[in-house]
Amino acid sequence: MIKKNQGDRFLNETIKWISLQKPVPLILFRTSDLRSKVLTFDNKNKKRLFCFVLFSLIRTSDLRSKVLLLENTQIYLVFYSLIRTSDLRSKVLTLDNKNKKRLFCFVLFSLIRTFAGVMKIGLVLEGGAMRGLFTCGIMDVMMENSLCPDGIIGVSAGAAFGCNYKSHQPGRAIRYNKRFARDPRYSGLRSLLTSGDYFNAEFAYHIVPTQYDLFDDASFESSPMEFFVVCTDVETGLAVYQRLDRSDAEAYDWIRASASMPLASKVVRLAGRKLLDGGVSDSIPLQQFERMGYRHNIVILTQPLGYQKQHNPLMPLMRIGLRKYPRMIEAMDNRHLMYNAQLEYVAEAEHAGRCLVIRPDEKLPIGHVCHDPDLMQRIYDLGREMGERCLSDIRQFMAQP
């Protein structure tokens, strides 16, 4: 049995120690003040608060090293003294030692970052269809090393694969893509001709995540990591930015809309809008994420340095297929100009130190669609190799104040 005075005494000692490290708002560490904040949360947010520990890291290496030296008992004594709700306490007891340490990290640091104005760290994921498997390899290395951004914004394949970061499921994207690579229910000309979608809307986006390779809805909803998808409104030709907090059929459709390539997909009707691929209107949404408050971003691109997008040679077909949506046609006609301007913005942000850019060394040998599991694995492995090569850079970038 853990006694109240033990937790309070250790908390007071911890406060004194932290106050000697860096100037911090100590009001965050006053037991009653923090407890009162927590007790105003509804059950959903209490759960999200608790589960944040699974995705939080201390950004100060010196503090991290000291925390990891604490005894396991001390780690959750602090949490008990701060949050005394029986439901959370029972969950704490189920954590392994590693996650108890993360729990302590959450209590003593994530709130400081939030309320002391520390810059939020974002992850910006461009699309690229099956080139997105390169991105998956990098993300999986980051997840396996507990490198967790505060928010993610994904476009097209970046949205379809990036959602697995918020649900904390490394390996899932490459696994189901290989498993269903040659399954006509999942994708292919048969699906395009019979349903209007190359990637079958029902099977790929609703049946696979709920019956075959389960998407962890509970982890997605519990994580405080913000997750945004980018779509294009075909009637205006403008980008639509949707934050997804719940994991349900509607969320799956937002992700599907973001990844619905023109001509290869039907227009997705959702929330009173008609939507298609977000890459048409905002291919690399770094500037938008900065406007949302994410001033420190990791940007994963799927094209090598020096790449410049050319005018779409399929525009004559696009004009026919999208003839009802002149603003969408205009956006597609100018997409190469928008994309190349965004590459310039990314380069400027990288030079200014606002972002860390990760990209392949050379053009990835895979097309927009692929039915070869071995080639998929090769692209994914290239991403993993790049992620491991950049691991120290990512850690250093995320540790910056």
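A quick note: this is a predicted structure, and the numbers were derived from the prediction, not measured. (Residues numbered from 1 in each chain as written. Predicted model: local features only at pLDDT ≥ 70, side-chain atom pairs only at ≥ 80, totals over all residues. Heavy atoms only, no water.)

Asker: Give me the lowdown on unusual backbone geometry, citing residues and values where you can.
Answerer: Notably, His-168 is not glycine yet its phi reads approximately 55°, a positive angle. With respect to the helices and strands, His-168 occurs in the loop between helix 9 (157-166) and helix 10 (172-179). According to the relative accessible area criterion, His-168 is partly exposed, its value standing at 29%. The phi dihedral of Leu-263 is positive, around 75°, even though this residue is not glycine. (Helix = DSSP H or I, 4+ residues; strand = E, 2+ residues; numbered from the N terminus. Buried < 20%, exposed > 50% of the residue type's maximum accessible area, 1.4 Å probe, protein only.)

Asker: Please set out the packing of aromatic side chains residue by residue, giving values where relevant.
Answerer: In this structure the tally under the stated criterion is 13 aromatic pairs. Between the aromatic rings of Tyr-198 and Phe-199, the centroid separation amounts to 5.5 Å while the plane-to-plane angle is 65°, which identifies the pairing as edge-to-face. Residue class for Tyr-198 comes out buried when judged on its relative accessible area of 11%. Three or more aromatic residues joined by ring pairs form one cluster here, namely Tyr-176, Phe-180, Tyr-186, Tyr-198, Phe-199, Phe-203 and Tyr-212. The side chain of Lys-166 reaches across the aromatic face of Phe-220, ending 5.0 Å from its centre. Across the ring face of Tyr-339, the terminal group of Lys-309 is positioned such that the distance to the ring centre comes to 4.9 Å. (Phe/Tyr/Trp six-rings, centres within 6.5 Å; stacked < 30°, edge-to-face > 60°. Lys NZ or Arg CZ within 6 Å of the ring centre and 35° of its normal.)

Asker: Account for the pattern of salt bridges, with residues named and values stated.
Answerer: Pairs can form between side chains of opposite charge once their charged atoms are near each other. Per the counting criterion, the structure on display carries 15 salt bridges. Note that Arg-256 is salt-bridged to Asp-253, the shortest N-O span being 3.2 Å. Separated by three residues within a single helix, Arg-256 and Asp-253 lie in helix 14 (residues 249-258), roughly one turn from each other. Taken together, the salt bridges that share partners define one network made up of Lys-120, Glu-226, Arg-243 and Asp-245. (Salt bridge = Lys/Arg side-chain N within 4 Å of Asp/Glu carboxyl O.)

Asker: Give a detailed account of the confidence of the model for the protein, specifying residues and quantitative values.
Answerer: Averaged over every residue, the pLDDT of the protein is 81; residues scoring 70 or more account for 70%. Across residues 50-86 the pLDDT falls below 50, and counting only partners more than four positions away or on other chains, this stretch makes 101 contacts in the model. (pLDDT = per-residue confidence, 0-100. Contact = heavy atoms within 4.5 Å.)

Asker: Any details on helix 17 (residues 326-333)? Residues and values, ideally.
Answerer: Restricting attention to buried positions, one finds in helix 17 the residues Met-328, Ile-329, Ala-331 and Met-332. All buried residues of helix 17 fall inside an arc of 160° around its axis, so they share one side. Close packing links the buried residues of helix 17 with strand 3 (226-233), strand 6 (273-277), helix 16 (315-321) and helix 18 (335-351). (Arc of directions from axis to C-beta.)

Asker: Break down empty space enclosed by the protein for me, citing the residues and quoting the values.
Answerer: Using the criterion set out here, one finds six cavities of 30 Å³ or more in the structure. Counted as a void, the largest cavity has a volume near 370 Å³. Lining the largest cavity are 22 residues, with Ala-160, Phe-161, Tyr-176, Tyr-186 and Tyr-205 positioned closest to its centre. Only helix 9, helix 10, helix 12 (201-212) and helix 14 provide two or more residues apiece to the lining of the largest cavity. Classifying every residue of the lining of the largest cavity by side-chain character gives 18 nonpolar, three polar and one charged. Partitioned by chemical class, the residues of the lining of the second largest cavity number seven nonpolar, two polar and two charged. (1 Å grid on protein atoms, 1.4 Å probe; cavity = no way out; pocket = protein on both sides within 12 Å on 5 of 7 lines; lining within 4 Å. Points joined across faces, edges and corners; volume = space filled by probe spheres on them. Nonpolar A, V, L, I, M, F, W, Y, C, P; charged D, E, K, R; others polar.)

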